[in-house]
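Here is how the chains run, residue by residue.
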Amino acid sequence: MRIVLLGAPGSGKGTQAKILVKKQGIPHISTGDLLRSAIAAKSKLGLAAKQVMDRGDLVSDEIVLGMLKERLSETDAQKGFILDGFPRNLVQAEMLSELFAELGLSLDHALLIEVDPDEVVARIAKRAEIEGRSDDTEEVVRNRLQVYKEQTAPVADYYKEQNIVSEIMGAGTIEDVQKRIEAVLRF
Ligand code: AMP
């Protein structure tokens, strides 16, 4: 099964992806995590990406696609995956469609987790306390939400045209959201 998770920063995509990994037995591929690993490894690419990420802007499409292609070629991704954080704009959505066409793959589901913007800000503030991510400060979060609205939200419409979007209410507990996702994946 190949799934794309869509939703604003703080909508719970990462949390839900981790649960899905256990239930579906497919890997969670997060482009944000791939970038944070590159930063931790102090690679040239990581250092360049860090400046962009610390502002809350998007890293270049080519860099992210390159990392993603490499990750998708690994053995564990052959049986499917949960993609989190990609595509982040329409260009990336088209790049992914082209890549899938080359590989003879198709996307099964695009899950759009919908959360109230006030709730998102509160959740990120909580995550900032726990994880200490350098892009979870108030000013940067505001920019990330703006980037989401302008560049990422249209990706949901792109997949709606392909009839593969399921809207998931992101309110409630982690378990509540997880049950809603499971109900969708059963079909
Ligand atoms: P995330 O962990 O998905 O919230 O991503 C954290 C940051 O990594 C984002 O604010 C972007 O700067 C960068 N990033 C993650 N995924 C992408 C992507 N697909 N395209 C461009 N930048 C990305």
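Here the structure is a predicted model, which means the values were calculated and not measured.

Caption draft 1: Broad picture of the overall build of the protein. Counting its regular elements, the protein contains eight helices and five strands. When the elements of the protein are put in sequence order from the N terminus, they spell out β-α-β-α-α-α-β-α-β-α-α-β-α. Compactness check: the protein gives a C-alpha radius of gyration of 16 Å against a globular reference of 16 Å for 187 residues, within 12% of the reference. By its C-alpha atoms, the protein is 40 × 40 × 30 Å across when sized along the principal axes. Per-residue burial over the protein gives 45% buried out of 187 residues. Contacts in the protein between residues far apart in sequence, at least 24 positions, make up 75% of those at least 6 positions apart. About 10100 Å² of surface is accessible on the protein, with carbon and sulfur atoms providing 53% of the total.

Caption draft 2: View of the sheet that holds strand S1 (residues 2–7). Overall, parallel pairing links the five strands, which are arranged S2-S3-S1-S4-S5 in an open sheet. Two strands lie at the open edges of the sheet, namely strand S2 (28–30) and strand S5 (165–169), each paired on one side alone. Within the sheet, the average angular offset between the axes of one strand and its neighbour, ignoring direction, is 25°. Sheet topology places S1 next to strand S4 (residues 109–114); five bridges connect them, and they run parallel. Bridge assignment links glycine 7 to a residue of S4, and that residue is isoleucine 113.

Caption draft 3: Spotlight on the packing of helix H2 (residues 31–40) against helix H4 (residues 61–72). Running from amino to carboxyl end, H2 crosses H4 at an angle of 100°, the nearest separation of the two axes being 10 Å. The pairing of H2 with H4 is recorded here as roughly perpendicular in orientation. On H4, the residues touching Thr31, Leu34, Leu35 and Ala38 of H2 are Val64, Met67, Leu68 and Arg71. Taken together, the residues of the contact of H2 with H4 sort by class into six nonpolar, one polar and one charged.

Caption draft 4: Summary view of helix H3 (residues 44–55). Listing the buried residues of H3 in full gives Gly46, Ala49, Val52 and Met53. Buried positions in H3, seen along its axis, are confined to an arc of 125° and lie on one side of it. Away from the buried face of H3 by more than 90 degrees, exposed residues Lys44 and Gln51 are located. Contacts from the buried residues of H3 go to H2 and helix H7 (138–160). Positive backbone phi, approximately 85°, marks glycine 56, located one or two places after H3.

Caption draft 5: Seen up close, the site of the ligand. As a matter of local geometry, the ligand sits amid 16 residues, with Thr31, Arg36, Asp57, Gly85 and Gln92 nearest to it. Separating an oxygen atom of the ligand from a side-chain N or O atom of arginine 36 is a distance of 2.9 Å. At 2.9 Å, a backbone N or O of glycine 85 approaches a nitrogen atom of the ligand. Considered on its own, the ligand offers 480 Å² of accessible surface; in the complex 96% of this is hidden by protein.

Caption draft 6: Quick look at the environment of glutamine 178. Along the polypeptide, glutamine 178 turns up in helix H8 (residues 174–185). The spatial distance from the C-alpha of glutamine 178 to the C-alpha of arginine 88 is 23 Å, given a sequence separation of 90 residues. The residues contacting glutamine 178, other than those within four sequence positions of it, are Gln16, Ile19 and Lys23.

Caption draft 7: Focus on the packing of aromatic side chains. The full count for this structure, using the stated rule, is two aromatic pairs. Relative to phenylalanine 100, the ring of phenylalanine 81 lies with its centre 6.0 Å away and its plane at 65°, an arrangement referred to as edge-to-face. Pair noted here: phenylalanine 81 is in strand S3 (residues 81–84) and phenylalanine 100 is in helix H5 (residues 90–103), with a separation of 19 residues, a long-range link. Take phenylalanine 81: its relative accessible area is 2%, and that puts it in the buried class. For phenylalanine 100, a relative accessible area of 5% corresponds to the buried category. Between tyrosine 158 and tyrosine 159, the ring centres sit 5.2 Å apart and the planes meet at 80°, which makes this aromatic pair edge-to-face. On the accessibility criterion, tyrosine 158 (16% relative accessible area) is buried.

Analysis parameters
Counting restarts for each chain, with residues numbered from 1 along the sequence as it is written. Whole-chain, interface and lining totals are the exception, using all residues; otherwise, since this is a predicted model, local features are given only for residues with pLDDT of at least 70 and side-chain atom pairs are given and counted only at 80 or more. As a rule here, side-chain values cover all heavy atoms of the structure and leave hydrogens and water aside. Strands here mean DSSP runs of E at least two residues long; helices mean DSSP runs of H or I at least four residues long; both are numbered from the N terminus. Throughout, the radius of gyration refers to the C-alpha atoms, and the reference size of a globule is 2.2 Å times the residue count to the power 0.38. In this scheme, a residue with accessible area under 20% of its type's maximum is buried, one over 50% is exposed, and one in between is partly exposed, where area comes from a 1.4 Å probe on protein chains only. Contact criterion: two residues are considered in contact whenever any of their non-hydrogen atoms come within 4.5 Å of each other. Note that accessible areas follow from Shrake-Rupley with a 1.4 Å probe, and for residues the cover is restricted to the protein chains shown. The rule for pairing is simple: two strands pair if DSSP sees at least two bridges between them. Note on definitions: angles span 0 to 180 degrees between N-to-C directions of axes, and those axes are lines fitted to C-alpha atoms, for helices only across the stretch in contact. The labels follow the angle: roughly parallel below 35 degrees, roughly antiparallel above 145, roughly perpendicular from 65 to 115, and oblique for the rest. Under the convention adopted here, Pro, Cys and the residues Ala, Val, Leu, Ile, Met, Phe, Trp and Tyr are nonpolar, Asp, Glu, Lys and Arg are charged, and Gly plus all remaining residues are polar. Our arc is simply the arc of the directions from the helix axis toward the C-beta atoms. Near, as used in this document, describes a residue that has one of its heavy atoms within 4 Å of the molecule or strand being considered. Side-chain atoms alone can form a polar contact between residues adjacent in sequence; in general such a contact is a pair of N or O atoms within 3.5 Å, and within protein one must be able to donate a hydrogen while the other accepts it. Under the pairing criterion, centres of Phe, Tyr and Trp rings, with the six-membered ring standing for Trp, must be within 6.5 Å; the plane angle then separates stacked pairs below 30 degrees from edge-to-face pairs above 60, leaving the rest tilted.

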